[in-house]
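Secondary and tertiary structure notes
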Amino acid sequence: MKYCWFIAIFVFMLIGGSAKAQNYESVETKNDSIGTVNILQDERIDQLLETDSIINSQKQSFTGYRIQIFFGGSTDREKAFQIKDEFLELFPEERAYVVYTAPDFRVRVGNFRTKLESIELYKACSEFYPNCYPVKTEIMFSEMEPLKEEKELIVNDNIE
């Protein structure tokens, strides 16, 4: 019986929503060599897209993933920096960060947009750090730039 009510409400919303959308449609015509396409679109969609682009242009970071290879208490500061240095010796092409979130120190490595991208480094790290795992974190856009040595190599490659 409950499902009947949900279905009835859903159908009512569809009928009401489509009737409402028809009142605010704008028509845009695009001609192509093959034919004509009429785009029926609510004018508020353009306003939403403009607002979204303004908000995104002000952001300085995005939600991404890193591999956490160490987690220690407030007394493990030196150990965290030691593990970071060890990691950079093993993987000099990757970036490593010591993160302090009171009262714990964490060592996180890599900069990845998706969890899937982090899997390769995760597998490599798990040989040396068996308790490592991917974590969701905020990554600054500036941290995604190549390392200074990499920039110099790219510039030299373009010259030759």
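Here we summarise the structure given alongside this text. (Residues numbered from 1 in each chain as written. Predicted model: local features only at pLDDT ≥ 70, side-chain atom pairs only at ≥ 80, totals over all residues. Heavy atoms only, no water.)

1. Examining the overall build of the protein chain
Selection criterion: Numbered from the N terminus, helices here are DSSP runs of H or I no shorter than four residues, and strands are runs of E no shorter than two. Each residue is placed in one exposure class: buried if its accessible area under a 1.4 Å probe, protein chains only, is under 20% of its type's maximum, exposed if it is over 50%, and partly exposed if it falls in between. The contact criterion used is simple: two residues touch if any of their non-hydrogen atoms lie within 4.5 Å. For the accessible areas, the method is Shrake-Rupley and the probe is 1.4 Å, while residue cover comes only from the protein chains on display.
Summing up its helical and strand segments, the protein chain has five helices and six strands in all. Each helix (α) and strand (β) of the protein chain, taken in turn from the N terminus, gives the series α-β-β-α-β-α-β-β-α-β-α. Sorting the 160 residues of the protein chain into buried and exposed places 22% on the buried side. Considering only contacts in the protein chain between residues 6 or more positions apart, those separated by 24 or more positions represent 62%. As presented, the protein chain carries roughly 12,400 Å² of accessible surface, and 56% of it is formed by carbon and sulfur atoms.

2. A closer look at the side chain of Thr-137
Along the chain, the position of Thr-137 falls in strand β6 (residues 133–140). Setting aside residues no more than four positions away along its own chain, Thr-137 makes contact with Phe-62, Thr-63, Gly-64, Tyr-65, Arg-66 and Arg-108.

3. A word on the nonpolar core
Counted only if it meets this: We define the nonpolar core as a collection of buried residues of types Ala, Val, Leu, Ile, Met, Phe, Trp, Tyr and Cys that are connected through side-chain atoms lying within 4.5 Å of one another.
Judged by nonpolar contacts, the single largest core of 17 residues is most densely connected at Ile-69, Phe-87, Val-109, Leu-121, Cys-125 and Tyr-129. Contributions of two or more residues to this core are made by β3 (61–72), α3 (77–90), β5 (104–112) and α4 (115–128). Setting aside its immediate chain neighbours within four residues, Phe-87 contacts Ile-69, Glu-94, Arg-95, Ala-96, Val-109, Leu-121, Cys-125 and Tyr-129.

4. As for the packing of aromatic side chains
Here is the rule we go by: Any pair of Phe, Tyr and Trp rings, taking the six-membered ring for Trp, is counted once the centres come within 6.5 Å. Such a pair is stacked with planes under 30 degrees apart, edge-to-face with planes over 60 apart, and tilted for the rest. As a reminder, the over-ring test applies to NZ of lysine and CZ of arginine, requiring each to be within 6 Å of the ring centre and within 35 degrees of the ring normal.
Taken as a whole and judged by the stated rule, the model has four aromatic pairs. Members of the aromatic cluster, joined through ring pairs, are Phe-87, Phe-91 and Phe-128. Here the guanidinium or amino end of Arg-66 rests over the ring plane of Tyr-97, the centre of that ring lying 3.9 Å away. Residue placement shows Arg-113 over the ring face of Phe-62; its charged tip is 5.0 Å from the ring centre.

5. Comments concerning the state of the cysteines
Note the following rule: Two cysteine sulfurs form a disulfide in these notes if their separation is within 2.5 Å.
One pass over the structure, following the stated rule, counts zero disulfides. The thiol sulfur of Cys-125 is not disulfide-bonded, and the nearest other cysteine sulfur, from Cys-132, lies at 5.4 Å. Among the residues examined, Cys-125 registers a relative accessible area of 0% and is labelled buried.

6. A word on the pairing of β5
To be explicit about the condition: When DSSP finds two or more bridges between a pair of strands, those strands are recorded as paired.
For β5, the buried fraction is high: nine of the nine residues fall into the buried class. The pairing of β3 with β5 spans six bridges and is classified as antiparallel. Across the sheet, Phe-70 pairs through a bridge with Val-107, a residue of β5. Note: strand β4 (residues 96–101) against β5, six bridges, orientation antiparallel. Looking across to β5, one finds that Tyr-97 is bridged to Arg-108. In textbook terms, the turn of a hairpin is the stretch between consecutive antiparallel strands, and for β4 and β5 this stretch comprises two residues.

7. With respect to the sheet that holds β4
Stated formally: For helices, the fitted axis covers only the stretch in contact; all axes are lines through C-alpha atoms, and the angles between them, taken along N-to-C directions, range from 0 to 180 degrees.
Spatially, four strands are ordered β4-β5-β3-β6 in an open sheet, and the strand pairing comes out antiparallel. Two strands in the sheet have a free side with no partner beyond their single neighbour: β4 and β6. With direction set aside, neighbouring strand axes in the sheet form an average angle of 45°. Across eight bridges, the pairing between β3 and β6 is antiparallel. Paired with Ser-61 across the strands is Met-140, a residue of β6.

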